[in-house]
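Okay, here's what each chain looks like letter by letter:
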Amino acid sequence: MVTHKHYFSFGRKMMVALFTIIVAFTTFHTYEVQAMDVWGIFKQAQKLEQQGKYADAIVKYNLIAPEFLKKQEYGNAAGMYRRIGDDYAKLKKYDDAVTNWDKEALYTGKAKMTQMSIAAKRKADQLRSSARLFVETTASALGSSNTHGAIFEPKNGAYIGAYAELDPAVHNAKTAKPFYTEGFPALTGKDHAAYLIYFTYGKPLSSIKSHIDRAREAGVALQLGIQPLDGLGVVQDDDYLRQLARDIAASGVKVFLRFANEMNGDWVPWHEENPKNYIDKFRIVAKVFHEEAPDNVAMVWAPDRSPEYNINDYYPGDDTVDWVGVSLYTIFNPTLDPLKQGEDRSSHLEKFDYIYKQYASRKPVYISEGGVAYMYPEKKQDKTDWAVYKMKEFYASLPMLYPKVKAVFWFDSNHDASARIKYYMLSANQKLLEGYKQSVANPFYLSGLGDESPVAYKPINTASPVPASTQKVSAYVKTWSPTLSKVTYEIGGKTVATVTSLPWTAQIDFAPYKGKKIDVVVKAFDSKNVLVTTQKVAIAVK
């Protein structure tokens, strides 16, 4: 007797064969995945790395990373991309390293590994190369496109200011000879529009009478950093606050009233874990000053640039804030160097980016205090050349990248906080001082309230064409190298300009390219004249 357990009819055999072929074609890759020994390949890649065969290791990691993604094992995939990025960095292929660290940031984020994602993004940003081009134009050509109509706000340009009373070269607190309102302009070679002083909430305005009087005599504004050192509980709409506002109004001095700054940081006594408590107090102060001193007080809300994640939580609202400031400091820190070469590759300028993008469309924004330190305090190492470059880059590029910035205050002090001296004092470092003088000489930086910048900058690209004539072109060039010494511009394979100082300004004739789209090739060189990046910027010529 024949049973179906041992034999099939021909038709059934054909059906089974056909089904097997279909399954094979539709599920082959699944079997392949199941057969792939991903961790075995991972070990092979590690062995290749130990042998210095980084390119071969990259091939292995690229083989298994997609398999983790298919299984939605995002943490493991991120780990592969981190290793790929690290290996590209060892091969000095930094653009490829950045591409893979970006993937590491993406997939650690998907794996809810937030801090690792932030660290990966920071690492990628420090080695990311880019170039942006700008042409100088007249501020009048921009009209009111960069203004908000706020109190004291210039249409174009940024006031320069400083905190200077702790610099003995420009201020003697005992004799008032010199006083910083005269001493600081004499030191820097340019009048400044405003000065920062600190003021303890609860004290009468008469406690800073000399500062008020000198500001009035010099015709400068004050940025009054009001600090509730006893906490926000003392802040009420009461006789004290009303009288303080009336006294400031009567002084005739224009005041940027910066109340309880850096509230997002836990190092200040007025920090509140519940932002609503801070917001309520800020709104009380703003209400009183807007009522009692509407003509000579601008209410300033000014967090620290870090931490970023909680900044917006403390914002009191557009109806109560006149200007948005930020504390912006850079101290040499090699611990985050992704290449582990003891360099600080961060950008002082780009630390301003978050605040600018959040608030510049609706409020004047400014650096309410800040600077670049010329010493690495932990090692007592002199970092003057690095600091001067970062300072010059900041002041040279700020008008191009952030045209709605309206003031910059330099913190002119070598002050001691928690036994950690921070070195920003211009009079203590001649190179830093000369760098500052050169930086603020730009007419974009304004010496008095009511002044306007005669110059402005427009980006050039395919969406914003450049006129077919000789133009004054500048660039913001960012690379993995902490400093650059030279930038060249090429069009059609021909070098059209070579420049050796920030912001890499050159006269370029675009007339031969009228009506065309062209690539401007920007090449940047480090301090040893070694090419570090080549960037193509596509532009249109009208």
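Residues numbered from 1 in each chain as written. Predicted model: local features only at pLDDT ≥ 70, side-chain atom pairs only at ≥ 80, totals over all residues. Heavy atoms only, no water.

Draft legend 1. Representation of the packing of helix α3 (residues 54–70) against helix α4 (residues 74–90) within the structure. Viewed as axis vectors pointing N to C, α3 and α4 meet at an angle of 160°, and their least axial separation amounts to 9 Å. Classed by the angle they form, the pair α3 and α4 counts as roughly antiparallel. As α3 packs across α4, the resulting crossing turns out to be left-handed. Packed against α3, whose contacting residues are Y54, A57, I58, Y61, N62, I64, A65, F68 and L69, the element α4 presents Y74, N76, A77, M80, Y81, R83, I84, D87, Y88 and K90 at the interface. Across the contact of α3 with α4, the residue classes tally to 14 nonpolar, two polar and three charged. (Axes fitted to C-alpha atoms, helices over the stretch in contact; angles between N-to-C directions. Helix = DSSP H or I, 4+ residues; strand = E, 2+ residues; numbered from the N terminus. Parallel < 35°, antiparallel > 145°, perpendicular 65-115°, else oblique. Left-handed = near helix turned anticlockwise from the far one by under 90°. Contact = heavy atoms within 4.5 Å. Nonpolar A, V, L, I, M, F, W, Y, C, P; charged D, E, K, R; others polar.)

Draft legend 2. Looking closely at the sheet that holds strand β20 (residues 517–525). Taken together, the four strands give an open sheet; going across it, the order is β18-β17-β20-β21, and neighbouring strands pair in antiparallel fashion. Each edge of the open sheet is held by one strand with a lone partner, namely β18 (494–499) and β21 (531–540). For this sheet the average axis-to-axis angle between neighbouring strands, irrespective of direction, equals 20°. Both strand β17 (residues 486–491) and β20 contribute to a ladder of six bridges, which runs antiparallel. Across the sheet, Y489 pairs through a bridge with V522, a residue of β20. (Pairing = 2+ DSSP bridges.)

Draft legend 3. Broad picture of unusual backbone geometry. In this model, S306 is joined to P307 through a cis peptide bond whose omega is 0°. As for its position among the elements, P307 is in the loop between β6 (297–301) and β7 (323–330). In this chain, L502 is followed by P503 through a cis amide linkage whose omega measures 0°. Tracing the sequence through the fold places P503 in the loop between β18 and β19 (506–509). With a phi close to 50°, A260 is a non-glycine residue in the positive phi region. Here A260 is to be found in the loop between β5 (255–259) and α10 (275–292). Take A260: its relative accessible area is 0%, and that puts it in the buried class. Phi angles above zero are rare outside glycine, and W504 is one such case at about 60°. (Buried < 20%, exposed > 50% of the residue type's maximum accessible area, 1.4 Å probe, protein only.)

Draft legend 4. Expanded view of the packing of aromatic side chains. Enumeration over the complete set of coordinates arrives at 38 aromatic pairs. Relative to Y61, the ring of F42 lies with its centre 6.0 Å away and its plane at 55°, an arrangement referred to as tilted. Taken together, the positions of F42 in helix α2 (residues 38–50) and Y61 in helix α3 put the pair 19 residues apart, joining distant regions of the chain. Measuring from centroid to centroid gives 6.5 Å for F411 and Y424, while their planes differ by 90°, and the two rings are edge-to-face. Of this pair, F411 sits in strand β11 (residues 405–411) while Y424 sits in the loop between β13 (420–423) and α13 (430–440); the two residues are 13 residues apart in sequence, bridging distant segments of the chain. Linked through ring pairs, F179, Y180, F184, Y195, F394, Y395, W410, Y436, F444 and Y445 together constitute an aromatic cluster. In this structure, K383 packs its charged tip against the face of F332, placed 4.3 Å from the ring centre. Above the face of the F525 ring, K486 is positioned so that its terminal group lies 4.5 Å from the ring centre. (Phe/Tyr/Trp six-rings, centres within 6.5 Å; stacked < 30°, edge-to-face > 60°. Lys NZ or Arg CZ within 6 Å of the ring centre and 35° of its normal.)

Draft legend 5. Representation of the pattern of salt bridges within the structure. Using the criterion set out here, one finds 26 salt bridges in the structure. Between E217 and R214 there is a salt bridge whose closest N-O contact spans 4.0 Å. Note that E217 and R214 are positioned in helix α8 (residues 209–218) at a spacing of three residues, about one turn of the helix. By relative accessible area, R214 is classed as partly exposed at 23%. Through salt bridges with shared partners, a single ionic network connects D237, R242, R246, K287, E291 and E292. (Salt bridge = Lys/Arg side-chain N within 4 Å of Asp/Glu carboxyl O.)

Draft legend 6. The arrangement of the layout of surface pockets in detail. Space inside the largest pocket adds up to approximately 1,900 Å³. Looking at the largest pocket, it is lined by 50 residues, and the ones nearest its centre are D304, R305, S306, Y329 and K351. Counting residues per element, the ones that place at least two in the lining of the largest pocket are α6 (114–127), β7, α11 (353–359), β12 (414–417) and β13. Within the lining of the largest pocket, the residues separate by chemical class into 20 nonpolar, 13 polar and 17 charged. Here the second largest pocket is characterised by a volume of approximately 900 Å³. If you go around the second largest pocket, you meet 39 residues; those closest to its centre are D385, Y389, T483, L484 and L502. Counting residues per element, the ones that place at least two in the lining of the second largest pocket are α12 (384–401), α13 and β16 (470–478). It is α12 that provides the largest number of residues to the lining of the second largest pocket, a total of eight residues. Its residues assigned to classes, the lining of the second largest pocket comprises 15 nonpolar, 13 polar and eleven charged. (1 Å grid on protein atoms, 1.4 Å probe; cavity = no way out; pocket = protein on both sides within 12 Å on 5 of 7 lines; lining within 4 Å. Points joined across faces, edges and corners; volume = space filled by probe spheres on them.)

Draft legend 7. Main features of the side chain of T488. Note on placement: T488 falls in strand β17. Not counting chain neighbours up to four residues away, the residues in contact with T488 comprise T495, A497, T498, V521, V522, K523 and F525.

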